[in-house]
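Chain by chain, the residues:
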Number of protein chains: 2
Amino acid sequence: MIAPARYAERIGEAARLTARAGLDALLIGVGADLRYLTGYPAMALERLTMLVVPARGPAILIAPRLEVSSARACPAVASGFLDVVTWDETEDPVALLVARLGAELALPTTGIRRVAVSDRTWAIFVLRLQAALPSAIFEVASTITRQLRMAKDAEEIALLRLAAEAADRVIGQVSHGRLIGRSEAEVSREVRERLVAEGHELAEFAIVGSGPNSASPHHEASGRLIQAGEPVVLDIGGTLAGYTSDTTRTIWVGGDDPALAPDAEFVRLYGVLREAQAAACAAVQPGVTCEDLDATARRIIVAGGYGPQFFHRLGHGIGLEAHEEPYLVAGNPQPLQAGYAFSVEPGIYFEGRYGARLEDIVVCGPVGPLVLNRSPLDLQVVDGR
Amino acid sequence: MIAPARYAERIGEAARLTARAGLDALLIGVGADLRYLTGYPAMALERLTMLVVPARGPAILIAPRLEVSSARACPAVASGFLDVVTWDETEDPVALLVARLGAELALPTTGIRRVAVSDRTWAIFVLRLQAALPSAIFEVASTITRQLRMAKDAEEIALLRLAAEAADRVIGQVSHGRLIGRSEAEVSREVRERLVAEGHELAEFAIVGSGPNSASPHHEASGRLIQAGEPVVLDIGGTLAGYTSDTTRTIWVGGDDPALAPDAEFVRLYGVLREAQAAACAAVQPGVTCEDLDATARRIIVAGGYGPQFFHRLGHGIGLEAHEEPYLVAGNPQPLQAGYAFSVEPGIYFEGRYGARLEDIVVCGPVGPLVLNRSPLDLQVVDGR
C-alpha cells in the first residue's frame, strides 16, 4: 500500500526534475508513469487522459467527463493533491490542455519550447500535441520518470517481495504436481489460476515450454503433451497490488524410469547457467553498471562454450511494469543504485533440442543484492506423474 | 475464421491506398491494425515489432529475434505472403527499418517525405522514427486503415454476430439469476466467467451499476450490495475469435414487493430512451452520417426533457477493437457504408439517483440496419431473489 502523500511527493519531484532539465512540461498519458505519479489505473482509451506537470505551477489531470468519477477516486486526486479538468464529448482535449499549460506557464503557445511525453503515449495523441505546440521539441518522459521509478522505496520493495513470494509458491506447486501427459496449455492455465489464488489480481504470463519448446525463450504454451525425460521451462508472473512478479525455473521431468534422467549435456549446460546466474546476482551492488552485470553472466556462459546459445539480454527492470528500466544489456552504461529492481535471467537454448533459463528478481541493496525469489536453483528432477 | 489469403489482399489494398494518398509508407506497430493486416496478435513490448508497407515493393515485418517464432506463426507470414526481418538484442531496429524502407523505395533517408504510423504506436517509437526520418511528415495511419477496417466483410460480420449472441446469452443468464444482496463486484465476476464459458477468450469489461451507480456511465463494479427496487445497468463484453462484443441492458430489480416496482419517472425515462435507441437503429442505412445518427437519438431525448442527462456520444465502431472508427458523435460527417459496425447506446443519467443505457451492435446493411443483439429491449422487471 502506497501512502497517498507519496503521490504528492512524486509529482513534486517530477516537476523539479522537469524544471531542472529545462523542459516546459511533462505530459503523462495512461500507463505506468501515470499510475506511479497519481495512483490512477486509467483504462487506455481513444479519449485523452493526461497528467500535465508544468515546470512551475500545479499539475493538473485532464480527463474525459465520462471517466471523471474514476479519475477523482485515484489517491492523488482523492487526497486533494491534484485537480481534475474534464472535457466534454465534443470538446478538443488537446486544445484544452495546451491552453491550460500556456496559462500555467504564462507563455503563448509558441513560447513552449520543450516538452516530454510518456513513452507509451499513443501516436494519435503525440501527433496532435505536436501540431498544437508547433514550436516545441518533443522528448520521451522516461528521461525524467526513470530517475524516480528505477529506485524503489521500501513500500515498493515490500510489494515486489509479496509478488515474488506468491510466484515462488506457484512454481513449487506446479513443479511438484502432475505434468506427464498434460498439455503445456493445460499446465499454463493451472499456473494462471494459481497465481490468482496466491493473491495476484492479474496473471499476465505463464510460459510453459517442454522438450524442444524449452529452447524458444518466448514460447507460448501449446497443445504439446509433456513427457518424461525432458526439461520444462516455467516463466510466470503477473501483478499483485499493482507490482509485478516474474520468475523462471527449468525443471527436469523424470518420471519413474532412471534411464530418463537428465543427460550429461543438459546437466553440464544447467551447471554453467546456474553459475552464471549466481555470479550475476552476487555482483549486484551500487555502482556496477547494467552492461557489466550482463557481461558477468555472459563471460561464464561463453567460457562454458554456450555463448551463441545465450542470445538475449540478461534482464530488465521491474516494478509497476513487467519490463521497465533499467535494462541489463550490452551498451547500457547505467550504474546501479540502491533500490533498483530487475530480473537476472540468463538462458541457454539449443533450437530444436532443449534449453534452460533461470530468473530471479533482484533488488540492489546499499551494499549488495537482495534476491526476492527463493525457489530452489539447483536442478530439480521431478517425478511429474 | 479469416482465410489466410485475405491478409495478403488487405496488405495489398493498404499499399495501394498508401501510394494513392501520396504517402511513402505505412508503419504499423503492435495492435489492431497489425492484427487486421497480418493476423499477428503480437504482445506490446519495449522491443519494436513493426509492419512496414511501402508505397511500392513488398511489405516486411520487423520483429525482435526473441519473438520470431510467434511472428512466423501468424497467418500472413505462415502462408508465405510476408517476410520477417529480425533484429538482435544489441541492434537498433529503427535504423534497420529506415535502411530497409529506403532500399525498397530506392530513396535516400532524406528522400522519404511522408509516412503514416498506426494510431497506437508508442511515443518512444514515434519519436525515434521521427529522428531517423528527419525530412518526413508524420501522420496517423488510421486515415488509411480506417478505409479498410470500418467496412466489415462477411467473415468479420459472422464473428461479430457470434460474439454478440454469446453476450446476449450472458445478459439473459445474469438478469434472471440472483441479484438482491449480492455485490456489484460479485455479479461482475459472474459476468466475466459466463462470457468465457460462452466462448469469449477474453472478458474485457463487465460494468454492473446498481441504484445510484447506474447513473455513472463508466462505473466500475463496487462492493455495493444490489437491492430490490432499483435499476441495474449491465454493460458487458469481450473478444471471441478476435472480434468484440459490447452490449448494455438496464433491468429493474423488483423482488417480491409490488411497492418496489419502477417509479413513474423511471418508466418515463426508460420509454424515452427505448424510443431514441430504436429510432437511431432504424435510421441506419448507407449515406446517413455518423452525426445524423447521433442527432436522431438526441432529438428524441431532448424532446423528452432529458437532453442534459444524455452527455455522451451515441456510439462507437466495433470490430477487432471495442472502440474503433467510426464514432457516432456530433461533428463527425462520415457517411455510413454497407459493412460498418458500431454500437448504438444512448443513456440518460441523473447523478446520485439512477440512470439507464441500452446498447446494441448494429451493422449497416445494403439497405438498412442489421441489429446483432437480440436481448429484450422492453423494460424487464426481474425478481432478483
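Residues numbered from 1 in each chain as written. Chains lettered and ligands numbered in written order. Predicted model: local features only at pLDDT ≥ 70, side-chain atom pairs only at ≥ 80, totals over all residues. Heavy atoms only, no water.

Asks: How should I be thinking about the side chain of R249 of chain A in this particular structure?
Replies: Residue and element names in this part refer to chain A. Along the polypeptide, R249 turns up in strand β10 (residues 247-253). Residue classification places R249 among the buried positions, given a relative accessible area of 3%. Separated by 3.1 Å, the side chain of R249 and the backbone oxygen of E359 make a polar contact. Separated by 2.9 Å, the side chains of R249 and D360 make a polar contact. Setting aside residues no more than four positions away along its own chain, R249 makes contact with I171, V232, V233, L234, R357, L358, E359, D360, N373, S375, P376 and L377. (Helix = DSSP H or I, 4+ residues; strand = E, 2+ residues; numbered from the N terminus. Buried < 20%, exposed > 50% of the residue type's maximum accessible area, 1.4 Å probe, protein only. Polar contact = N/O pair within 3.5 Å; in protein donor to acceptor, adjacent residues only side chain to side chain. Contact = heavy atoms within 4.5 Å.)

Asks: What exactly am I supposed to notice about the packing of helix α5 (residues 93-105) of chain B against helix α6 (residues 123-132) of chain B here?
Replies: What describes two packed helices is the angle between their axes and the distance between those same axes. All names here are of chain B. For the pair α5 and α6, interaxial distance at closest approach is 10 Å and the crossing angle is 50°. In terms of orientation, α5 lies oblique with respect to α6. Crossing of α5 over α6 shows right-handed handedness. Contacts between α5 and α6 pair V94, L97 and V98 from the former with R128, L129 and A132 from the latter. Here the contact of α5 with α6 is built from residues that sort into five nonpolar, no polar and one charged. (Axes fitted to C-alpha atoms, helices over the stretch in contact; angles between N-to-C directions. Parallel < 35°, antiparallel > 145°, perpendicular 65-115°, else oblique. Left-handed = near helix turned anticlockwise from the far one by under 90°. Nonpolar A, V, L, I, M, F, W, Y, C, P; charged D, E, K, R; others polar.)

Asks: Can you walk me through the packing of aromatic side chains in this structure?
Replies: Each aromatic ring pair is specified by the distance between its two centres and by the angle formed by the two planes. Residues and elements named next belong to chain B. A full pass over the atoms with the stated rule returns 14 aromatic pairs over all chains. Arranged with centres 4.9 Å apart and planes meeting at 55°, the rings of W252 and F266 form a pair that is tilted. Highlighted residues: W252 in strand β10 (residues 247-253) and F266 in helix α10 (residues 264-282), separated in sequence by 14 residues. Assigned by exposure class, W252 and F266 land together as buried. Between Y306 and F350, the aromatic rings sit 5.9 Å apart at their centres with planes inclined by 85°, giving edge-to-face as the arrangement. (Phe/Tyr/Trp six-rings, centres within 6.5 Å; stacked < 30°, edge-to-face > 60°.)

Asks: Please explain the pattern of salt bridges as it appears in this structure.
Replies: Once the charged atoms of two side chains with opposite charge are near each other, the side chains can pair. Considering all chains together, one arrives at 55 salt bridges over all chains under this definition. With a closest N to O distance of 2.8 Å, R149 of chain B and E324 of chain B form a salt bridge. Of this pair, R149 of chain B sits in helix α7 (residues 142-149) while E324 of chain B sits in strand β12 (residues 324-328), placing them 175 residues apart in sequence. Each member of the pair R149 of chain B and E324 of chain B is classed as buried. Salt bridges linked by common partners bring D33, R120, R149, K152, E321 and E324 of chain A together as one network. (Salt bridge = Lys/Arg side-chain N within 4 Å of Asp/Glu carboxyl O.)

Asks: Teacher, can you tell me more about the environment of A241 of chain B here?
Replies: Residues and elements named next belong to chain B. Take A241: it is sitting in the loop between β8 (230-240) and β9 (243-244). Sequence separation of A241 and H316 is 75 residues, and the distance between their C-alpha atoms is 20 Å. Beyond its immediate stretch of four places on either side in the chain, A241 contacts L159 and E201.

Asks: What exactly am I supposed to notice about the domain arrangement of chain A here?
Replies: Quite often, the size of an interface is put as the accessible area lost when its parts meet. All names here are of chain A. Here chain A is partitioned into domain 1 (4-148) and domain 2 (154-382). Its C-alpha centre places domain 1 at a distance of 36 Å from the equivalent point of domain 2. Taken together, the contact between domain 1 and domain 2 spans eight residues of the former and eight residues of the latter. Carbon and sulfur atoms supply 36% of the area buried between domain 1 and domain 2, which totals about 720 Å² over both sides. Our enumeration of links across domain 1 and domain 2 arrives at three salt bridges. A salt bridge links E156 to R10; the shortest N-O distance between them is 3.9 Å. Put simply, domain 1 and domain 2 have four residue pairs in polar contact (both at pLDDT 80 or more) between them. Of all the secondary structure elements, the ones that give two or more residues to the side of domain 1 that touches domain 2 are α1 (4-20), α2 (32-38) and α7 (142-149). Of all the elements, α2 adds the most residues to the side of domain 1 that touches domain 2, at three residues. Here the residues of the side of domain 1 that touches domain 2 sort into two nonpolar, one polar and five charged. (Domains from an automatic or database assignment. Buried area = accessible area lost by both parts, 1.4 Å probe.)

Asks: Whenever I open this one, the interface of chain B and chain A confuses me. Can you help?
Replies: The interface of chain B with chain A comprises 33 residues on the first partner and 33 residues on the second. With both chains or domains summed, chain B and chain A bury close to 3100 Å², and 59% of this area falls on carbon and sulfur atoms. Across the chain B-chain A interface, the total number found is two salt bridges. The salt bridge partner of R313 of chain B is E46 of chain A, with a shortest N-O separation of 2.6 Å. Remark: the boundary between chain B and chain A carries 17 residue pairs in polar contact (both at pLDDT 80 or more). Listed by contribution, the elements that provide at least two residues to the side of chain B that touches chain A are α6 and β6 (137-140) of chain B.

Asks: Explain the sheet that holds strand β5 (residues 114-117) of chain B here, please?
Replies: Pairing between the strands of a sheet is mediated by backbone hydrogen bonds and can be parallel or antiparallel. All names here are of chain B. With mixed pairing, the six strands of this open sheet are ordered in space as β4-β3-β2-β1-β5-β6. Lying at the two open borders of the sheet, with one neighbouring strand each, are β4 (83-87) and β6. For this sheet the average axis-to-axis angle between neighbouring strands, irrespective of direction, equals 25°. Looking at chain direction, strand β2 (residues 50-54) and strand β3 (residues 60-64) are connected through three bridges and run antiparallel. Looking at β3, one finds that V52 is bridged to I60. (Pairing = 2+ DSSP bridges.)

Asks: Is there a simple way to explain the relation of the copies chain B and chain A in this structure?
Replies: Between the two chain copies there is a screw-like relation: a rotation about an axis and a shift along it. Least-squares fitting of chain B to chain A yields an RMSD of 0.0 Å, with the transformation described by 0.0 Å of translation along the axis and a rotation of 180°. The symmetry that links the two subunits is that of a two-fold axis. Minimal C-alpha separation from the rotation axis in chain B is found for W122 of chain B, amounting to 2.5 Å. In this assembly, 100% of the residues forming the interface of chain B have copies in chain A that are likewise at the interface, indicating an isologous arrangement. (Least-squares fit on C-alpha atoms with pLDDT ≥ 70 in both.)

Asks: Is there a simple way to explain the packing of helix α8 (residues 154-175) of chain A against helix α9 (residues 184-197) of chain A in this structure?
Replies: Residue and element names in this part refer to chain A. Axis separation between α8 and α9 bottoms out at 9 Å; the angle between their running directions is 140°. Between α8 and α9, the interaxial angle falls into the category oblique. The way α8 lies across α9 gives a crossing that is right-handed. Facing A167, V170, Q173 and V174 of α8, the residues of α9 in contact are V187, E190, V191, R194 and L195.

Asks: What's the story with the pairing of strand β1 (residues 25-28) of chain B in this structure? I'm lost.
Replies: Along any regular strand the residues' side chains alternate between the sheet's two faces. Residue and element names in this part refer to chain B. The alternating pattern of β1 places A25 and L27 on one face and L26 and I28 on the opposite face, and all of these are buried. Sheet topology places β1 next to β2; four bridges connect them, and they run antiparallel. Its bridge partner lying in β2, L26 is registered against V53.

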